[in-house]
Amino acid sequence: MNFKSIKSAMDAEGIPANQKDVKIEMAKGNPVAIIRKKIWFELLTTLLGAILFLMVPFIYDIEKRVGSIYLIFMAITVFMLLGNVIKFSLFLSQTPTNETNTWSTIQAFIYNIKTTLAVYKSYSISSALLVPIPIFALILGHKSSEFYNPDIFLKFLFLDLNLSEILTMLFIYLGIALVFYLLIVLWIRYYYNKHIIQLEDLLVSMQD
Amino acid sequence: MKTEQAFLKHIKAHQGILIKVSKIYMDNAIDQEDLRQEIIYQLWKAYPKFKGESSFTTWMYRVAVNTAITFFKKEKKRHLFERFSDKVNVKQVEMNETIDEQLAVFYKAVHQLNKIEKALILYTIEGYAQKEIAQQLGLSEVNTRVKLKRTKDKIKALIKKQGYEF
């Protein structure tokens, strides 16, 4: 047996009946396809969520000043999410197709997904720091809520507090932001990292 | 539409490449068909950028191998179809033995190689020179030479293990 005889045997092999049909259709197993599909799903979920959150003051009876502050902070968050959407869209359109050499294809894909995820993380940190304000606005500004107290909310917002209250508030605020951030990091690790690790291992095996 | 027709015509004329790559990279009929489909899709996406600087065959091999290398199956699916796939695989090997025992032995050996080694063997079989293989994979010539030597030794050993001379 040698490579020449193997090539002859391979060339002589016919095309299986179930593979004669040629149609342009994406298979489901490719990690690139999986990641793209997940990103599209995430984009749609994010946009839907943003629209729903912006509608809240118009659906629930919220104290006017608190409602305005809620809208301002949610609008900023939505603008940041839109920035994220743009970055993701760029990633989707710029991800290299496989026509370059193997090394470059894998490297470019890893680079693209990593930079996209880095931007995603930084947007997430910023959003996480903003989100607690609208949350408190909803809790303390909703007229039917048992916690309804817009004055306390405004007092907190304008830091009309003594030092120990400010420190307590800062601690709680950062705690909530940290929980949001950690949830996002865990989400990224669970959904994207395993595919990136597989591709990185391939690059390492090419260098050995 | 004309472009799509031209593309499909090109692909049909080179279907052998799709079969070879999918058979070398996947060990059962279901995965082979999935990979073949993904390669066609990736070729279609890359097609507008094909300027004819290399031959269509060389370009098609590059896209096909890159797709095969970055193609992973979902774990769940593998577990779900594991038993079924194994049965398909046994049947396929039996069929190959009657048609060409040599080829069956070769596929069995090649499935034990890693993805880069499979690419090296595929390009070697297709008669690519070391320099061309290095260009296709994006490796240095020295690295390619070393890897090629190791891979050839490995496949020889795997074939000999099955009681065949190489």
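Residues numbered from 1 in each chain as written. Chains lettered and ligands numbered in written order. Predicted model: local features only at pLDDT ≥ 70, side-chain atom pairs only at ≥ 80, totals over all residues.

Quick look at the overall build of chain B now. Looking only at helices and strands, one finds eight helices and zero strands in chain B. Within the span of chain B, comprising 166 residues, buried residues form 37% of the whole. For chain B, contacts bridging at least 24 residues in sequence account for 63% of all contacts bridging at least 6. (Helix = DSSP H or I, 4+ residues; strand = E, 2+ residues; numbered from the N terminus. Buried ≥ 20, exposed ≤ 12 C-beta atoms within 10 Å, placed from the backbone. Contact = placed C-beta atoms within 7 Å.)

Moving on, we get to the overall build of chain A. For chain A, the helix and strand inventory stands at seven helices and zero strands. Starting at the N terminus and ending at the C terminus, chain A contains elements arranged as α-α-α-α-α-α-α. The buried share of chain A, reckoned over its 208 residues, is 20%. A separation threshold of at least 6 residues defines the contact pool for chain A, and within that pool the share at least 24 residues apart is 73%.

Our next topic: the nonpolar core. If you look at the biggest cluster of nonpolar residues, it comprises 43 residues, and the most contacted ones within it are B:Val21, B:Leu43, B:Ala64, B:Val65, B:Ala68 and B:Ala119. Residue assignment for this core shows that the elements contributing at least two residues are α1 (3–12) of chain A together with α2 (15–25), α3 (29–46), α4 (56–69), α5 (75–110), α6 (115–125), α7 (130–137) and α8 (141–161) of chain B. In terms of residue count, the dominant contributor to this core is α4(B) (eight residues). In contact with B:Ala64, not counting residues within four places along its chain, are B:Ile17, B:Leu18, B:Val21 and B:Ile39. Within the second largest apolar cluster, 11 residues are counted, among which are A:Ile62, A:Ile133, A:Leu140 and A:Phe153. (Core = buried A, V, L, I, M, F, W, Y, C linked by C-beta atoms within 7 Å.)

Time to look at the interface of chain B and chain A. Think of interface size as the accessible area that goes away when the parts come together; that is how it is often given. Every contact between the two is made by 52 residues of chain B and, on the other side, 36 residues of chain A. Mapped onto the side of chain B that touches chain A, the elements with two or more residues apiece are α1 (2–13), α2, α3, α4, α5, α6 and α7 of chain B. Looking at which element gives the most residues to the side of chain B that touches chain A, the answer is α3(B), with 12 residues.

So, about the packing of α6(B) against α8(B). Residue and element names in this part refer to chain B. For the pair α6 and α8, interaxial distance at closest approach is 10 Å and the crossing angle is 90°. If you check the angle between α6 and α8, you find them roughly perpendicular. Each of Glu117, Leu120, Ile121 and Thr124 in α6 lies in contact with α8, whose residues at this interface are Lys147, Leu148, Thr151, Lys154 and Ile155. (Axes fitted to C-alpha atoms, helices over the stretch in contact; angles between N-to-C directions. Parallel < 35°, antiparallel > 145°, perpendicular 65-115°, else oblique.)

With seven of its 10 residues buried, helix α5 (residues 132–141) of chain A lies for the most part within the structure. A:Ile133, A:Pro134, A:Phe136, A:Ala137, A:Leu138, A:Leu140 and A:Gly141 are the residues of α5(A) that are buried.

With that settled, the discussion passes to the confidence of the model for chain B. Residue and element names in this part refer to chain B. With 82% of its residues at a pLDDT of at least 70, chain B reaches an overall mean of 81. Of the regions scoring below 50 in pLDDT, residues 74–96 engages in 16 contacts with residues more than four places distant in sequence or in other chains. ipTM for the predicted complex: 0.76, alongside a pTM of 0.68. (pLDDT = per-residue confidence, 0-100.)

In this section: unusual backbone geometry. Residues other than glycine seldom take positive phi values, yet A:Leu159 does so here, at roughly 55°. Relative to the helices and strands, A:Leu159 is located in the loop between α6 (150–157) and α7 (163–207).

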